[in-house]
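# Commentary on secondary and tertiary structure
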Amino acid sequence: MKQYDYLIVGAGLWGSVFAHEANKRGKKCLVIDRREHTGGNVYCENVEGINVHKYGAHIFHTNDKDIWDYVNSFVEFNRYTNSPVANYYGELFNLPFNMNTFYQLWKVKTPAEAQAKIQEQVKAAGITDPKNLEEQAISLVGTDIYEKLIKAYTEKQWGRKATELPAFIIKRLPVRFTFDNNYFNDRYQGIPIGGYNKLTEGLLNGIETRLGVDFFKDREALSELAETIVYTGQIDEYFNFQYGFLEYRSLRFENQLLDQDNYQGNAVVNYTDGETEFTRIIEHKHFEFGTQDKTVITHEYPQEWTKGAEPYYPVNDDKNSETFNKYKALASAEENVIFGGRLAEYRYYDMHQVVGSALSRVKKHFA
Ligand code: UDP
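Residues numbered from 1 in each chain as written. Predicted model: local features only at pLDDT ≥ 70, side-chain atom pairs only at ≥ 80, totals over all residues. Heavy atoms only, no water.

Put simply, the rule reads: UniProt positions are given in the numbering used here, feature names are shortened, and annotations may be inferred rather than shown by experiment.
Per an unreviewed UniProt entry, the chain goes by UDP-galactopyranose mutase and derives from Dyadobacter luteus. In its Cofactor (unreviewed entry) section, the UniProt entry covering the chain states "FAD".

### Some points on the overall build of the chain
For the record, the criterion: For helices the rule is a DSSP run of H or I covering at least 4 residues; for strands it is a run of E covering at least 2, with both sets numbered from the N terminus onward. Just to be clear, the radius of gyration here is over C-alpha atoms, and the globule rule we use is 2.2 Å times residues to the power 0.38. Two residues qualify as a contact provided that any one of their heavy atoms is within 4.5 Å of a heavy atom in the partner residue. Using a 1.4 Å probe, the Shrake-Rupley method yields the accessible areas, and only the shown protein chains count as cover for residues.
Helix and strand counts for the chain stand at 12 helices and 16 strands. Over its C-alpha atoms the chain spans a radius of gyration of 22 Å, differing by no more than 12% from the 21 Å that the globule rule assigns to 367 residues. Taking the principal axes of the C-alpha coordinates as reference, the chain spans close to 70 × 50 × 35 Å. Long-range pairs, those at least 24 residues apart, make up 71% of the contacts in the chain with a sequence separation of at least 6. Put simply, the chain shows about 16900 Å² of open surface, and 45% of that area lies on carbon and sulfur atoms.

### Comments concerning the nonpolar core
This is how the line gets drawn: In these notes, a set of buried Ala, Val, Leu, Ile, Met, Phe, Trp, Tyr and Cys residues joined through side-chain atoms within 4.5 Å is what counts as a nonpolar core. Summary of the burial criterion: residues with accessible area below 20% of their type's maximum are buried, those above 50% are exposed, and those between are partly exposed, where the area comes from a 1.4 Å probe applied to protein chains only.
Residues F18, F60, F97, F102, I145 and I150 are the most contacted members of the largest nonpolar core, which totals 77 residues. Among the elements that make up this core, the one with the highest residue count is helix α5 (residues 133-158) (nine residues). Counting residues in each nonpolar core, the second largest holds 27 residues, with V9, F215, Y248 and F339 among its members.

### Concerning the site of the ligand
The condition that has to hold: If even one non-hydrogen atom of a residue comes within 4 Å of a molecule or strand, that residue is called near it. The definition of a polar contact used here is a pair of N or O atoms within 3.5 Å, where within protein one atom must be able to donate a hydrogen and the other to accept one, and adjacent residues in sequence count solely through side-chain atom pairs.
The ligand sits among 17 residues. The nearest are L149, T154, Y183, Y313 and Y348. N270 is positioned with one of its side-chain polar atoms (N or O) 2.9 Å from an oxygen atom of the ligand. Within the side chain of Y313, one N or O atom sits 2.5 Å away from an oxygen atom of the ligand. Contact with the protein chains covers 92% of the free accessible surface of the ligand, which is 530 Å². For the shell around the ligand, the secondary structure elements donating two or more residues are α5 and α6 (168-171). A per-element tally of the shell around the ligand places α5 first, with six residues.

### Examining the packing of aromatic side chains
One pair of aromatic rings is described through two measures. These are the centre distance and the angle between the planes. What counts here: Whether two aromatic rings pair depends on their centres lying within 6.5 Å, for rings of Phe, Tyr and Trp, where Trp uses its six-membered ring; planes under 30 degrees apart make the pair stacked, over 60 edge-to-face, and the rest tilted. In this scheme, the term charge over a ring applies when either NZ of a lysine or CZ of an arginine sits within 6 Å of the ring centre and within 35 degrees of the ring normal.
As enumerated under the stated definition, the model contains 36 aromatic pairs in all. One aromatic cluster is present, formed by F215, F216, Y231, Y238, F239, Y243, Y327 and F339 through successive ring pairs. Its end group placed over the ring of Y4, K28 keeps NZ or CZ at 4.6 Å from the ring centre. Across from the ring centre of Y103, 4.8 Å away, lies the NZ or CZ of K107, which sits over that ring.

### Considering the environment of V42
As for its position among the elements, V42 is in the loop between β2 (29-33) and β3 (44-47). Sequence spacing of V42 and G56 is 14 residues, and the spatial spacing of their C-alpha atoms is 7.9 Å.

### Quick notes on the UniProt feature "domain: UDP-galactopyranose mutase C-terminal" (unreviewed entry) in the chain
UniProt records the feature "domain: UDP-galactopyranose mutase C-terminal" (unreviewed entry) at residues 148-348, using the numbering of this structure. Measuring from the first to the last C-alpha atom of residues 148-348 gives 25 Å, for a span that is 26% helix and 23% strand.

### Points about the sheet that holds strand β14 (residues 295-304)
Filter applied, for reference: Paired strands are those between which DSSP finds at least two bridges.
Reading across the sheet, the seven strands line up as β7-β6-β12-β13-β14-β11-β15 and stay open at both edges, with mixed pairing between neighbours. Sheet topology places β7 (91-94) and β15 (313-314) at the edges, where each strand pairs with a single neighbour. With three bridges joining them, strand β12 (residues 268-271) and strand β13 (residues 280-283) adopt antiparallel strand pairing. Paired with V268 across the two strands is I282, which belongs to β13.

### Some points on a negative patch on the surface
Put simply, the rule is: Patch membership requires over 30% relative accessible area and the absence of a salt bridge. Like charges are linked within 9 Å, and nonpolar side chains (Val, Leu, Ile, Met, Phe, Trp, Tyr) within 5 Å. Salt bridge, as used here, is a side-chain nitrogen of Lys or Arg placed within 4 Å of a carboxyl oxygen of Asp or Glu. In this tally Asp and Glu are treated as negative and Lys and Arg as positive; neither His nor the chain ends contributes. Here the site of a charge means atom NZ of a Lys, CZ of an Arg, CG of an Asp or CD of a Glu.
A cluster of acidic side chains, namely E48, D259, D261 and D293, defines a negative patch on the protein surface. Relative to the helices and strands, D261 resides in the loop between β11 (248-258) and β12.

### Thoughts on the sheet that holds β2
Selection criterion: Here an axis means a line fitted to C-alpha atoms, over the contact stretch when the element is a helix, while the angle between two N-to-C directions is reported on a 0 to 180 degree scale.
The strand order across the open sheet formed by five strands is β9-β2-β1-β10-β16, and the pairing between neighbours is parallel. What marks the edges here is a single partner per strand, and that holds for β9 (208-211) and β16 (337-339). Averaged over all adjacent pairs, the angle separating strand axes in this sheet is 20°, with direction ignored. With four bridges joining them, β2 and β9 adopt parallel strand pairing. By the bridge assignment for β9, I32 is matched with R210.

### Notes on the pairing of β7
Here strand β6 (residues 85-88) pairs with β7 via four bridges, running antiparallel. If you follow N87 over to β7, its bridge partner there is L92. A loop of two residues connects β6 with β7, the two strands running antiparallel in sequence, and Y89 in this loop sits at a positive phi of about 45°.

In structure tokens, the structure reads:
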């Protein structure tokens, strides 16, 4: 008999949901994280009463009522609706691509006019079967929008040519022929009132958690503690990078506390030109309709991931998918270890998908 039923490596959303559900079923869990806090990348730092999304802006959205009810059972969500604005060489456009954007670009006033304009450009580009992000984007919204609002932003974000990126990345964004600036199509959307830490603290309530503990520094002893390991870290690291590194895009954040109450009037402003080095400026207080006297803004600079940097976005191109499949085969052969989450599954997951993935694994595991 070991001391714990489960050792959960990683106190992010996936690990926290798993731990919560296992604990609820009477299992003894130990959660460890190499960081000094729980919550993984949804963790918020309180600065002058403002919840600063320390590892990048997180906006919860889902179509799944069960997932929505689940997260709301830990913390109430506000009515925040993401409506980023794009700044292209000083000109502002609404996002996602909708009638406001089309009017700002072409002065078209009806959906029929906007559709005709896009169709004309798609036809001129001659793309019938989009094979990469560039072709996919042009076939969805035409060349004007692609050139002003997509190409440079995407190439800054990913450090790769839009022709070398998978098409699915751009399919995340809605294209709408209504005057609706809501960035998501999902039925439910919001930010936890009081910040994301309330969510993860709620999930981990009553569960033993050790922070600042690096699994790889004490792998054998830690593994001995539990019957089953739930691993939510980078899958290649678990297998000592034996098939090489999986690539990620990383980010560098420059935070500033400003002595003014409202810097940009919106939580998210994207800079879609190729000259500005950062991709976006986040003004955190607007996620929670903050009324503080000061404000915190973050400039977000994408960068290539190197060992030691934070791995944010998996690069799901062919080369990396091939490497991942090799690690996945090793993972399926590993006994008494459950692999889950963005880093272990090497997937560009939104939060609702992380919660959904963890809950469905729990269901299977405890069936
Ligand atoms: N994108 C773009 N222009 C924008 C915003 C997004 O071209 O102003 C593209 C870009 O390729 C990005 C993808 O859409 O990687 C997904 O954007 P999203 O905002 O969903 O990315 P995240 O918030 O996950 O960083």
